[in-house]
Each structure stands twice: as C-alpha cells, then as structure tokens.
Amino acid sequence: MPRKVRKKMKSAAKKPAKKAVKPRAGKPPTKAVKTALPRPTAKPWGEAGRALDGVRILDFTHVQSGPTCTQLLAFMGADVIKVERPGSGDITRGQLRDVKGADSLYFTMLNGSKRSITVDSKHPKGKEILDRLVRECDVLVENFAPGALDRMGLTWPHIHKLNPRMIVASVKGFGPGPYEDCKVYENVAQCAGGSASTTGFRDGPPLVTGAQIGDSGTGLHLALGIVAALYQRNRTGRGQRVLCAMQDGVLNLARVKLRDQQRLAHGPLTEYSQYGEGVPFGKATPRAGNDSGGGQPGWILKCKGWESDPDAYVYFITQAPVWGAICDLIGRPGWKTDPDYATPPARLPRLRGIFDTIEQWTVTKTKFEVMEICNKHDIPVGPILSMQELAEEKSLRATGTVVEVDHPARGPYLTVGNPIKMSDSPPDVRRSPLLGEHTDEILRKVLGLSPSEIAEIKASGAITAPDKPAKAEAA
Ligand code: COA
C-alpha cells in the first residue's frame, strides 16, 4: 500500500467519528459525499438501530409483487409510506376477505410495518402532495401497469428534477420487447419465465407452483436492487431507476432449467428419471416430476398414513456419500457392492426401481420418523410440511419467521416475518395500516402542513373519497 494512502488511513482512524448528516432531498450535494465508515459502534448488538433506519420510501405498490418488496424493507427499518386511492385503497384490502369489514389477509400479510396515506394522484392538489412527498423520500417503488405512473405525471424526468437523489424502482411483467405493455399477474410470469414448462409430470400439462415466484420472487429481486442503488447513491449522490421484470425474475429462479436446455445439445439428461425409463428427450428441457434438479437424485416417497393424509410424504435424496447407510437402512446391504447399484452412474438407469424399494421402507414410518432416522446418518430428507404444520411449528415462532400480530379490525393474525436474519438489525414486524390511517400524521410530520392547510386539502377531495369524508377512511 503506498505510504501516502497508509498515512491517510491512519489519521482517519484517529479522528472521532462525525455525526452522519442526512442530505436534504431535492438539493444537490454541497460537498462531496463522504464514504468513510464511522468507527464501529460500542452499542450492544441489536441496539444500534435497524439496517434501513433513515430511509424513507414512497410506496405506490399494490397487489403482491411490489408490496412484498416494500414490506421487507419496512421490516428492516425503512419508513414506508403507502399511497392509496381514497375510499378503496389497494385492491387486495377487499380480495379473498375472510372477516367481514376487515382488511383481508392478502393485504395484511403483505403490508405490515407500513404507514398508509390516501391521496388521489389524479387530483391537482393530490399531485401537489405527491410532488412534495417525492422531495422528502429516498425511494419511490411502484408496480403499476406500464405507463400508469407517467399518466399520473410522475415521469422519471419530473421526479429526477424534483429530487435528484430519488431512486425509482419498478416491477413490470416484461422488460423492453414485444410484451412490454402487457399487464401481468403471478401465473402469467411463471408461464412466461420458464417455470411452468419445466414443472409437473412429463405426461401431464405444465403446472404453476404454490410458491409465488413471479410476484414475491420479483419483489425480492427489486428489494436487492433498491438496497444496491442506495449503496451506490452514497458514492454518487444521485438516484437511478431500478427495474425488475417478472419474466426475468422467474427465469433467474429457473436458471437450472436453462442450464439443462444447453446440456441437451450434448446428450440426454441422465439424472432425469425419463432417462432411466428409456423415454427419449425432445428439443426443450422437459418437466421432471419430482426429480431433484441437481446432481444427487431424489424423489417424493409415501410415508405411513399417506392413504388419508395428503401430506404424509417425504423427499428422499440418495446422496452418493451416504449410499451405504441408505442400503443398510432399507435392508438392501447387498446393493453396496452390487455393480448395478454400487456407483452413481450405475444407479442412474435404475432410479425408479431404487425409489420404489426405498418407499417400501418409508411407508412403514411417519415422515417425522424418517427424518429422525435418516438425519442420524446424514441422509438428506425433507418431510412434506403442510401449512397447518408450519403455522403451528414452535421453532418458526421462536425465530420470528412466523409472527402473530394484532389488528384492530380482525384481531390477531399470523404473518411471515423477515426471513433474513441480521445480527445487528432486529426485525420490525407490525400490523398493516388501516386505509389512510396515517394521512394526517404524514401531512403534518413529513410535509410540515398546518391544521388549516390540511383542512383545506380535505375539503378539496384530494385525500378523501368524494362521498365519504375523512372519518370513513379507516373503515
Ligand atoms: N389515485 C388515483 N388513481 C390511482 C391511484 C391513486 N392513489 N392509484 C392508482 N391509480 C390508478 C392508476 O393511475 C391507474 O390508472 P390509469 O390506468 O388510468 O392510468 C389505475 O389506478 C391502476 O393501474 P393498474 O396498474 O393498471 O391496475 P390494474 O388493476 O388494472 O392492473 C396489474 C393490475 C397488477 C395487472 C398491473 O398493475 C400490472 O401489470 N403491474 C405490473 C406487474 C405486476 O406487478 N404484476 C403483479 C401484481 S401482483
């Protein structure tokens, strides 16, 4: 390291840490933004705030993909201000409703730890409020249909002019190309991103998965993009646009299937059971049923009680290093040395028969017994857990992965907390806001408006539904 640099680092280490000053939104930086790290805090772990403290997000998201993203950022400490249409709000508030008059679980489980403000984005006064909020926030997140944000007047040039530091993050169904103007929901993305064509059984139709890889998966991708853009902004001082197309997000998660597509050019996919069954491969990556997708063959096998319990199954992986232990457990010690079974390549054409034999053993045990016995031998297995079992699982409650929160209209409900555990940033998992619950608070505290200014805005109809004055907002 050059002497000059070493000297500079030494003197920087001696200097007391300066209090970080949050640059004012909308104003270009007066001085170069400092990137030097402060000294490590002496505060106890978990008492030094949260990872995203100080980040304020203008949340224009709705349905699932965008809300997943902003909820995660809220769990990490960001102040998320959800902008909703007066009177109705996010459409999911009323979708799949289970408790009369209360926000649905669809909404409450995707919008925890946020604040809600109602603003009519097409009303002149509403536009004024949004412009002011743009100046006070760090990130705008939206997942409207293509062009909707522009039609509200919130074009990138307009936002960038109001607040050059602002990051504008969007989920769209498709990236630039033939489908860029299309509206897209979860299963459309699963189909367009390569998941459906590779999911299901060979002799059946394509299948969508229960995990919401199109919506929630893309929301997660977007959250990573936002955090990276915030990090870059520390150096450059300016915001940028972040775009995650759902098709791209799904394809990223289906990456191993594009891997297999290219392998097909060099011969059959030997780890797919269709190889062992002598079924020729076509031109595209086929559906692989419950094949593992990796180098260690696996399958879903019946366990005790499967006749009446739809989830009495276990995923069983015949990992090569523990093959001997598997043979002993299932009562086939001879397979350890039999040339037809002793090596992974020899087993590949016989996988169907091997799994049928292992199943004769698993079906005599419950899925939890299989788990307990196999794990003692380091054999990787996974019980098929139902949502009921997951909801009741004590260890998930203990880690905060499943959290019970209270709600004024619906009472207690379960939500999935932050799946990302951080040793110095305790998660902030709170209930979702009622529609417009924080409208006054945000106008007062974030925009600094006086009671008379707020009254004037209310009278204009920009923040309340035309036929329902302010009181009805939180209904
Ligand atoms: N005040 C006034 N108007 C508002 C408003 C507010 N606070 N919030 C939204 N709106 C308006 C928008 O301006 C838009 O109007 P416009 O089309 O006249 O410009 C309209 O409400 C809703 O927009 P849109 O996004 O088209 O909703 P939709 O219900 O028709 O479509 C999706 C829903 C999800 C299909 C669509 O938003 C989409 O494709 N999004 C991108 C991909 C995505 O995220 N999909 C997954 C969703 S989980």
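Note that the coordinates shown come from a computational prediction; the quantities given were computed from them, not determined experimentally. Chains are numbered independently. Their residues run from 1 in the order of the written sequence. Totals for whole chains, interfaces and linings use every residue, but because this is a predicted model, local features are given only for residues with pLDDT of at least 70 and side-chain atom pairs only at 80 or more, for both listing and counting. Each side-chain value is derived from all of the structure's non-hydrogen atoms; neither hydrogens nor water enter the calculation.

Turning to empty space enclosed by the protein, a few remarks are in order. The rolling of a water-molecule-sized probe over the atoms marks out the regions of remaining empty space. For cavity detection a 1 Å grid was placed over the protein atoms alone, and a set of points counts as a cavity when a 1.4 Å probe fits there but cannot get out; an open set counts as a pocket when protein lies on both sides within 12 Å along at least five of seven lines, with lining residues being those that have an atom within 4 Å of a point. Grid points are joined across faces, edges and corners, and a volume is the space filled by probe spheres set on the points. Taken as a whole and assessed by the stated rule, the structure comprises 3 cavities of 30 Å³ or more. Within this model, the largest cavity holds a volume of roughly 40 Å³. Every residue along the wall of the largest cavity is listed here: Glu 271, Ser 273, Asp 291, Pro 297, Gly 298, Trp 299, Leu 351, Arg 352 and Phe 355. Elements supplying a minimum of two residues to the lining of the largest cavity: β7 (298-302) and α14 (351-362). Numbering of helices and strands starts at the N terminus; helices are DSSP runs of H or I of at least 4 residues and strands are runs of E of at least 2.

Another point: the site of the ligand. Residue proximity to a molecule or strand is established when one non-hydrogen atom of the residue lies within 4 Å of it. Of all residues adjacent to the ligand, which total 22 residues, the nearest are Arg 85, Ala 145, Arg 151, Lys 183 and Val 184. Think of a polar contact as two N or O atoms within 3.5 Å of one another; within protein, one of them needs to be a possible hydrogen donor and the other a possible acceptor, and neighboring residues in sequence only count if both atoms come from side chains. Backbone polar atom of Ser 121 to a nitrogen atom of the ligand: 3.0 Å apart, as the coordinates give it. Take Ala 145: an N or O atom from its main chain is 2.7 Å from an oxygen atom of the ligand. Where accessible areas are quoted, they stem from the Shrake-Rupley method and a 1.4 Å probe; at the residue level, only the protein chains shown are allowed to cover. For the ligand, whose accessible area on its own is 920 Å², the fraction buried by protein is 84%. When residues are grouped by polarity, Ala, Val, Leu, Ile, Met, Phe, Trp, Tyr, Cys and Pro land in nonpolar, Asp, Glu, Lys and Arg in charged, and all others, Gly among them, in polar. Split into classes, the residues belonging to the shell around the ligand amount to 9 nonpolar, 6 polar and 7 charged.

A few words on the sheet that holds strand β2 (residues 79-84). Note on sheets: strands pair through backbone hydrogen bonds, and any given pair is parallel or antiparallel. One requirement defines pairing of two strands: DSSP has to find at least two bridges between them. Ordered in space as β3-β2-β1-β4-β5-β6, the 6 strands form an open sheet in which the pairing is parallel. The strands lining the two open edges of the sheet, one partner per strand, are β3 (115-118) and β6 (241-245). The sheet shows a mean angle of 20° between the axes of neighbouring strands, taken without regard to direction. Pairing between strand β1 (residues 56-60) and strand β4 (residues 139-142): 4 bridges, direction parallel. Note on β4: the bridge partner recorded for Ile 57 is Val 139. Between N-to-C directions, angles cover 0 to 180 degrees, with each direction set by a line fitted to C-alpha atoms, over the stretch in contact for helices.

For the rest of this paragraph, the subject is the confidence of the model for the chain. The pLDDT value tells you how sure the predictor is about a given residue, anywhere from 0 up to 100. Per-chain confidence: the chain averages 92 in pLDDT, with 91% of residues scoring 70 or above. Contacts from residues 1-26, a stretch scored under 50 in pLDDT, to residues over four places away or in other chains number 21 contacts. The contact rule is simple, with two residues in contact once any of their heavy atoms fall within 4.5 Å. In this model, residues 469-475 is a region of pLDDT below 50 whose contacts with residues beyond four sequence positions or in other chains number 11 contacts.

Another aspect to go through is the pattern of salt bridges. Note on definitions: salt bridges are taken to be side-chain nitrogens of Lys or Arg within 4 Å of carboxyl oxygens of Asp or Glu. Tallying each qualifying case throughout the model produces 23 salt bridges. The shortest N-O distance in the salt bridge between Arg 93 and Asp 103 comes to 2.7 Å. With Arg 93 in the loop between β2 and α3 (105-108) and Asp 103 in the loop between β2 and α3, this pair connects stretches of sequence that are 10 residues apart. Accessibility classification places Arg 93 together with Asp 103 in one group, the buried group. Glu 441 is the salt-bridge partner of Arg 115, the closest N and O atoms lying 2.6 Å from each other. Here Glu 441 lies in helix α18 (residues 439-446) and Arg 115 lies in strand β3, a separation of 326 residues in the sequence. In the salt-bridge network here, residues are joined through shared partners; they are Arg 56, Asp 79, Arg 115 and Glu 441. Each residue is placed in one exposure class: buried if its accessible area under a 1.4 Å probe, protein chains only, is under 20% of its type's maximum, exposed if it is over 50%, and partly exposed if it falls in between.

Once that is clear, we can look at the sheet that holds strand β8 (residues 313-317). What the 3 strands build is an open sheet, ordered β7-β8-β9; its pairing is antiparallel. The sheet is open, and its two borders are formed by β7 and β9 (381-383), each paired with just one other strand. When the angles between neighbouring strand axes are averaged without regard to direction, this sheet yields 20°. Relative to β9, β8 runs antiparallel, the two sharing 3 bridges. In the strand pairing of β9, Phe 316 is matched with Val 381. Helix-sheet contacts for α14 involve β7 and β8, and the interaxial angle to β7 is about 35°. Sitting on the sheet, helix α15 (residues 367-376) is in contact with β8 and β9, with an inclination near 155° to β9.

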